[in-house]
Amino acid sequence: MGLATAQALLDRGEAVTVLEAREGVALETSYGNAGMMTPSMADPWNGPGVHRHLAASLFNPRSPMKLRLRALPSLTTWGIRFLRNSARDRHLAATEANFLLGNYSVELTRQLRDRLGLEYDAADRGTMKVFRDPGAMREPLALTRHLATLGLKFQELDPDGAVAEEPMLEDVRDQIVGALRFPDDAVGDSARFCTALSGRLAAAGTVIRLSTRARQLVVERGTVRGVVTDDGEMLSGRVVVASGAWSPALLRSVGLSLPVKPAKGYSLTLDMAGISDRPRIPVVDDAMHAAVAPMGDRLRIGGTAEFAGFDSTVTRTRIDNLAVLLRAIYPRIAAAVDFGKATAWTGLRPMSCDGKPFIGPTPVQGLYVNAGHGHLGWTHAVGSGQLLADLMTGHTPAVDPSAFRVDR
Ligand SMILES: Cc1cc2nc3c(=O)[nH]c(=O)nc-3n(C[C@H](O)[C@H](O)[C@H](O)COP(=O)(O)OP(=O)(O)OC[C@H]3O[C@@H](n4cnc5c(N)ncnc54)[C@H](O)[C@@H]3O)c2cc1C
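Given the structure is predicted, the values throughout are model-derived calculations rather than measurements. (Residues numbered from 1 in each chain as written. Predicted model: local features only at pLDDT ≥ 70, side-chain atom pairs only at ≥ 80, totals over all residues. Heavy atoms only, no water.)

1. A closer look at the overall build of the chain
Regarding its fold elements, the chain presents 11 helices and 19 strands. Each principal axis of the C-alpha distribution contributes one length, and for the chain these read about 65 × 45 × 45 Å. Per element, the accessible surface of the chain, about 17,200 Å² overall, is 51% carbon and sulfur. (Helix = DSSP H or I, 4+ residues; strand = E, 2+ residues; numbered from the N terminus. Areas by Shrake-Rupley, 256 points an atom, 1.4 Å probe, with all protein chains shown as cover.)

Right, dumping it as C-alpha cells:
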C-alpha cells in the first residue's frame, strides 16, 4: 500500500519519501500471499453467521477460520464491531464497495504494469471458485449475480465446464458440483511487483529508506509535523500511514484508534520446475477456504485465517491443512512434488472491523491512512494508492471514497 501510494503521488507530481521498517520492501504481508487479484471475491469474511464459525473454531485445529482463546482479550471492541458488521445489509454494502474498488484497482494495476514494464509473474487468465456441495454454492451465486449488476463478469459452470477451464481438475470431476469462473480476475506475485515498483520509484527520484522504522508521529496543535524514526525526526507536512497490520500502533501514538487487527494466514509455495502437470488458472476451493494459484514456475497454496494476535510462528497443523487441500484438489501434483522442499510462510492480514479498508484523511491535519485491506490488499493496492493520492492532491477520485472514510 505504501509503494502504490508513493507511485500514485509521484504521478500527481509530488515528492515522496517511503519509510520501511524492514531491510527490504514487501517482507511482511505482501510477501507470500495467494497472489490473486479478485474483485469477484469482494465479500468481507464476517459474513452473516460468522459468529457460529468462530465459536466452533475455538475447538477445531483444522477450522479454516480460527479464533485462538489467547487472542480474545485483544479483540473485544474490534470483535463486537466485526460481528455487528456481519448483518446482511452492512455486509452487502461492504461487498459492493470492495468490488468497485477492486475492479478499478485491477485495471489500474494492468495499466501500471504495462506503463512501467513491471515483471511479477502476472497472468490475466481469470480465476475460478469450485464447490463440492450444492447448498454451499447458493449464496455465493446469488452474491455474484448481484455484483454482476455492478459490472462483474462471470460464468456459472457445471463440473464438465469447470474441467474444460482447468483440465487439472479432471481427477476430482466427480466431487465437484459446480463452479464460478471470473474471467477478469488476475494473478501475480505481489512481492515481485513491489520489488519492481520500488526500483522504478527509486529511478524516478523517490527516496525509499529501508530499515527505518517510524516510531512516532509528531503532531502539534492538531497538525502533523513529521515522523520520529530511529535516525531522528523527519519533518513533513503530510504523512501517510500505510503500515498494514501495524498501522494502529503508529496512529495510537497521536491518540487515534484504527479498528484493524491481524488475521494470520498461511501459504505454501512449491517449485514446479520439472513437473509437467500444471494448473492453468488460480482455483479457490470454497469448502476449504483456500486457493491454489500458479505463479510463473511456482504453485502457491494460500488461505486460512487465524485470530492469534501478532504471533507469526508457522503452525504445523495449519500448513498441513494446505497440503491436504492440494491433495484434495490436484492429487497428481501432490504426488509429484516434494513437500520437504516447499516454502511455508505466514503473514498478518490487516483486517478491519467491517471488511473494508481505511483510505483517506484523519482528524489530524495532513495525516492520512491507507490500511486495513484484510484479504484483499493485493487486489486493492494500486487502486487504493490512486484513490488516496487523488484525495490528497484535490483530484476527483474515480471511486467513491465515502465507503472507506477513516472516521466511519
Ligand atoms: C495467506 C494470505 C493470502 C492472501 N492472499 C491474498 C490474495 O490472494 N489476494 C489479495 O488481494 N490479498 C491477499 N492477501 C492479503 C494481502 O496480502 C494484504 O492485504 C496486503 O499484503 C496488505 O498490504 P499492506 O501494504 O497493507 O501491508 P504489508 O504488506 O504488511 O506492508 C506494511 C509494511 O509496513 C512496514 N511497517 C510496519 N510498521 C512500520 C513502521 N512503524 N515504520 C515503517 N514501516 C513499517 C512493514 O515492514 C511492511 O513492509 C493475503 C494475505 C495472506 C496472509
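2. Quick look at empty space enclosed by the protein
This model, assessed by the stated rule, comprises two cavities of 30 Å³ or more. As a volume, the largest cavity reaches approximately 60 Å³. Lining the largest cavity we find 14 residues, and of these Gly355, Lys356, His373, Gly374 and His375 sit closest to its centre. Taken together, the residues of the lining of the largest cavity sort by class into six nonpolar, seven polar and one charged. Within this model, the second largest cavity holds a volume of roughly 40 Å³. In this structure, the second largest cavity is lined by Met37, Val106, Thr109, Arg110, Arg113, Tyr120, Ala122, Ala123, Asp124, Ala186 and Val187. The set of elements that each furnish at least two residues to the lining of the second largest cavity consists of helix H4 (88-116) and strand E7 (186-187). No other element matches the four residues that H4 contributes to the lining of the second largest cavity. (1 Å grid on protein atoms, 1.4 Å probe; cavity = no way out; pocket = protein on both sides within 12 Å on 5 of 7 lines; lining within 4 Å. Points joined across faces, edges and corners; volume = space filled by probe spheres on them. Nonpolar A, V, L, I, M, F, W, Y, C, P; charged D, E, K, R; others polar.)

3. Points about the site of the ligand
Near the ligand you find 31 residues, and of these Glu20, Ser30, Met36, Gly374 and Thr379 are the closest. Met1 places a main-chain nitrogen or oxygen 2.9 Å from an oxygen atom of the ligand. In this structure, Gly374 approaches the ligand through a main-chain N or O atom, which is 2.8 Å from an oxygen atom. Considering the ligand on its own, with 1,000 Å² of exposed area, one finds that the protein chains cover 94% of that surface. (Near = heavy atom within 4 Å. Polar contact = N/O pair within 3.5 Å; in protein donor to acceptor, adjacent residues only side chain to side chain.)

4. Some points on helix H1 (residues 2-11)
Counting along an α-helix, one turn takes 3.6 residues, and residues three or four places apart therefore face a common direction. The buried count for H1 comes to seven of 10 residues, which makes it a mostly enclosed element. Within H1, burial applies to Leu3, Ala4, Thr5, Ala6, Gln7, Ala8 and Leu9. Among the residues trailing H1, Gly13 stands out with phi positive, at a value near 85 degrees. (Buried < 20%, exposed > 50% of the residue type's maximum accessible area, 1.4 Å probe, protein only.)

5. What to know about the sheet that holds strand E10 (residues 223-229)
Here we have three strands laid out as an open sheet, ordered E9-E10-E11, and antiparallel in their pairing. Strands with a single pairing partner mark the edges of an open sheet, and in this sheet they are strand E9 (214-220) and strand E11 (232-235). Averaged over all adjacent pairs, the angle separating strand axes in this sheet is 30 degrees, with direction ignored. Sheet topology note: the E10/E11 ladder contains four bridges and is antiparallel. Each residue of the ladder has a partner; that of Gly226, found in E11, is Leu235. (Pairing = 2+ DSSP bridges. Axes fitted to C-alpha atoms, helices over the stretch in contact; angles between N-to-C directions.)

6. Remarks on the sheet that holds strand E19 (residues 367-371)
Strands belonging to one sheet form pairs held by backbone hydrogen bonds; the direction of such a pair is parallel or antiparallel. The sheet built from three strands is open, its strands ordered E12-E19-E18 with mixed pairing. Only two strands of the sheet have a single partner each, and these edge strands are strand E12 (239-241) and strand E18 (358-361). The average undirected angle you get between the axes of adjacent strands in this sheet is 20 degrees. Where E12 lies against E19, three bridges are found, and the strand directions are parallel.

7. As for the packing of H1 against helix H11 (residues 377-392)
Geometrically, a packed helix pair is captured by the angle between its two axes and the distance between the axes. At their nearest, the axes of H1 and H11 sit 8 Å apart, and the two run at 45 degrees to each other. Taken together, the axis directions place H1 and H11 in an arrangement best described as oblique. In this structure, the crossing between H1 and H11 has a hand that is right-handed. Across the interface between the two elements, Ala4, Thr5, Ala8 and Leu9 of H1 pack against Ala381, Val382, Gly385, Gln386, Leu388, Ala389 and Met392 of H11. Residue composition of the contact of H1 with H11, by class: eight nonpolar, three polar and no charged. (Parallel < 35°, antiparallel > 145°, perpendicular 65-115°, else oblique. Left-handed = near helix turned anticlockwise from the far one by under 90°. Contact = heavy atoms within 4.5 Å.)

8. Quick word on the pattern of salt bridges
Scanning the model with the defined rule gives 32 salt bridges in all. Residue Arg113 is joined to Asp124 by a salt bridge in which the shortest nitrogen-to-oxygen separation is 3.0 Å. Note that Arg113 is positioned in helix H4 and Asp124 in the loop between H4 and strand E4 (127-131), a separation of 11 residues in sequence. You can call Asp124 partly exposed: its relative accessible area is 35%. Where Asp231 meets Arg209, a salt bridge forms, and the shortest distance between an N and an O atom there is 3.0 Å. Linking Asp231 in the loop between E10 and E11 with Arg209 in strand E8 (residues 207-209), this pair joins segments that are 22 residues apart in sequence. Judged by its relative accessible area of 26%, Arg209 is partly exposed. Through salt bridges that share partners, Glu107, Arg110, Arg113, Asp114 and Asp124 make up one connected network. (Salt bridge = Lys/Arg side-chain N within 4 Å of Asp/Glu carboxyl O.)

9. Looking at the nonpolar core
Core analysis: the biggest nonpolar cluster contains 36 residues, and Leu3, Leu101, Leu112, Leu118, Phe193, Leu197 and Phe404 have the highest contact counts within it. Residue assignment for this core shows that the elements contributing at least two residues are H1, H4, helix H7 (190-203) and H11. In terms of residue count, the dominant contributor to this core is H4 (seven residues). Every residue in contact with Leu3, bar those within four places of it in the chain, is listed here: Val18, Val25, Cys194, Leu197, Ser198, Leu201 and Ile208. (Core = buried A, V, L, I, M, F, W, Y, C linked by side-chain atoms within 4.5 Å.)

10. Thoughts on the side chain of Thr29
Along the chain, the position of Thr29 falls in the loop between strand E1 (17-19) and strand E2 (36-37). Discounting chain neighbours no more than four positions away, the residues touching Thr29 are Trp246, Trp345, Gly347, Leu348, Arg349 and Pro350.

Taken by themselves, the reported measurements are silent on function.
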